[in-house]
Amino acid sequence: MRAQMCSKVCSKVRAHALMGKASRSSSASSHAAQVAAGSRLLETYAGLAQRGAHLFGELLGGQTPKQWNHYPDDDAIDQGTGFQWFYHSHSPEDRPGAFEHGHIHLFARRKLWSRRLHSVREIEFGKLGSGASNPNTRHLLAIGLDAKGVPVSLFTVNSWVTGDLMLTAKTTADLLDRIRLDTGHPDVDAVVESLVRLCRVEIRTLLAQRDSALWAWPTPAVLTNERLDVLSELPICIDAKLAGLI
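Thresholds, definitions, all that
- Residues numbered from 1 in each chain as written.
- Predicted model: local features only at pLDDT ≥ 70, side-chain atom pairs only at ≥ 80, totals over all residues.
- Heavy atoms only, no water.
- Helix = DSSP H or I, 4+ residues; strand = E, 2+ residues; numbered from the N terminus.
- Buried < 20%, exposed > 50% of the residue type's maximum accessible area, 1.4 Å probe, protein only.
- Areas by Shrake-Rupley, 256 points an atom, 1.4 Å probe, with all protein chains shown as cover.
- Core = buried A, V, L, I, M, F, W, Y, C linked by side-chain atoms within 4.5 Å.
- Contact = heavy atoms within 4.5 Å.
- Polar contact = N/O pair within 3.5 Å; in protein donor to acceptor, adjacent residues only side chain to side chain.
- 1 Å grid on protein atoms, 1.4 Å probe; cavity = no way out; pocket = protein on both sides within 12 Å on 5 of 7 lines; lining within 4 Å.
- Points joined across faces, edges and corners; volume = space filled by probe spheres on them.
- Nonpolar A, V, L, I, M, F, W, Y, C, P; charged D, E, K, R; others polar.
- Pairing = 2+ DSSP bridges.
- Axes fitted to C-alpha atoms, helices over the stretch in contact; angles between N-to-C directions.
- Parallel < 35°, antiparallel > 145°, perpendicular 65-115°, else oblique.
- Left-handed = near helix turned anticlockwise from the far one by under 90°.
- Salt bridge = Lys/Arg side-chain N within 4 Å of Asp/Glu carboxyl O.

Caption draft 1: Focus on the overall build of the protein. Per the secondary structure count, the protein includes 9 helices and 6 strands. In the protein, buried positions account for 42% of the 246 residues. For the protein, the exposed area adds up to about 13,500 Å²; of that, 56% sits on carbon and sulfur atoms.

Caption draft 2: Region of interest: the nonpolar core. Counting 44 residues, the largest nonpolar core has Phe56, Ile104, Leu154 and Val192 as its most contacted members. It is helix H7 (residues 186-198) that contributes the most residues to this core, 6 residues altogether. What Val192 contacts, discounting residues up to four positions off in sequence, is Ile104, Leu106, Ile143, Ile179 and Leu181. In terms of nonpolar packing, the next biggest core, distinct from the first, is built from 9 residues, Leu128, Leu165, Met166 and Val222 among them.

Caption draft 3: Seen up close, the side chain of Ser232. Mapped onto the elements of the fold, Ser232 is located in strand S6 (residues 230-235). The exposure class of Ser232 is buried, given its relative accessible area of 6%. Separated by 2.7 Å, the side chains of Ser232 and Thr156 make a polar contact. Within polar-contact distance, the side chain of Ser232 engages the backbone oxygen of Leu206 at 2.9 Å. Among residues more than four places away in sequence, those in contact with Ser232 are Leu154, Phe155, Thr156, Leu206, Gln209 and Arg210.

Caption draft 4: Here's a closer look at empty space enclosed by the protein. Under the counting rule described, the total for this entry stands at 1 cavity of 30 Å³ or more. In this structure, the largest cavity occupies an estimated 40 Å³ of space. Considered class by class, the residues forming the lining of the largest cavity number 4 nonpolar, no polar and 3 charged.

Caption draft 5: Fine view of the sheet that holds strand S3 (residues 102-109). Taking strand neighbours across the sheet as the criterion, the 6 strands line up as S1-S2-S3-S4-S5-S6 in an open arrangement whose pairing is antiparallel. With partners counted over all chains shown, the strands left at the sheet margins are strand S1 (71-77) and S6, one partner each. Between one strand and the next, the sheet's axes are offset by a mean angle of 25 degrees, whatever the strand orientation. Looking at chain direction, S3 and strand S4 (residues 137-145) are connected through 8 bridges and run antiparallel. Paired with Gly102 across the bridge in S4 is Leu145.

Caption draft 6: Quick peek at the packing of helix H6 (residues 169-177) against helix H8 (residues 200-216). Axis separation between H6 and H8 bottoms out at 9 Å; the angle between their running directions is 155 degrees. Taken together, the axis directions place H6 and H8 in an arrangement best described as roughly antiparallel. For the crossing formed where H6 meets H8, the hand is right-handed. Facing H6, whose interface residues are Ala169, Thr172, Ala173, Asp174, Leu176 and Asp177, H8 presents Arg200, Ile203, Arg204, Leu207, Ala208, Arg210 and Asp211. For the contact of H6 with H8, the per-class residue count stands at 6 nonpolar, 1 polar and 6 charged.

Caption draft 7: Representation of the pattern of salt bridges in the model. Counting across every chain of the model gives 10 salt bridges. Of the charged contacts in the structure, one is a salt bridge between Asp174 and Arg204, with a shortest N-O distance of 3.8 Å. Remark: Arg204 occurs in helix H8 and Asp174 occurs in helix H6; sequence separation between them is 30 residues. Exposure remark for Arg204: the relative accessible area of 29% places this residue in the partly exposed category. The salt bridge involving Glu202 is made with Lys241; its shortest N-O contact spans 2.7 Å. Taken as a pair, Glu202 in helix H8 and Lys241 in helix H9 (residues 238-243) lie far apart in primary sequence, 39 residues in all. It is possible to trace a salt-bridge network through shared partners that takes in Lys170, Asp174, Asp177, Arg200 and Arg204.

Laid out in structure tokens, this is it:
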């Protein structure tokens, strides 16, 4: 009996030790990924500074951006991975209190999520109401940037804003964890990729807040309700985020 008890106790001790080791390993891996993302972000902006270039200089062709115009016109699409984005700006009256110059909308194309729609989680989420009739994209995230092209906020928007639909916070976060971009706009791609990895925790919080706002809305057809546009928003300070990695 004593031998049996000893064996059980030893097994539990080993299990706890392995779980602790796995947790530490996962934490170390996550930190290493953030450090790598931070380094890539700094290198991208350093390269721009050396060339005397702006993050959106090539995209805008040296012209002043026009409010509401998409840049590029038909979006920047990575046909291989299925991610896409565009940059645009609103009038100050449209987003009062916002400190951004403009923002990037980030999407996932159908190849990335079509099979996931059959999950119980996504079917339940779909009961919130329909947006576009046959959308080929799902909106993932919006990134606010200042006039210098530096990210200053992360936010989510309702479906009517972008004309497509959303996926649950869990599925959206899982897709963002896999993001790879090669759209022909390497500097913007690098900033978006790096920021998503650097702010992984903040993004998951943001997405959870988004879903809570949707489920809490008291009236039906919430996705097309124009009284509800920005669902969740977080200001970010890249300098502080990078300093926290040291």
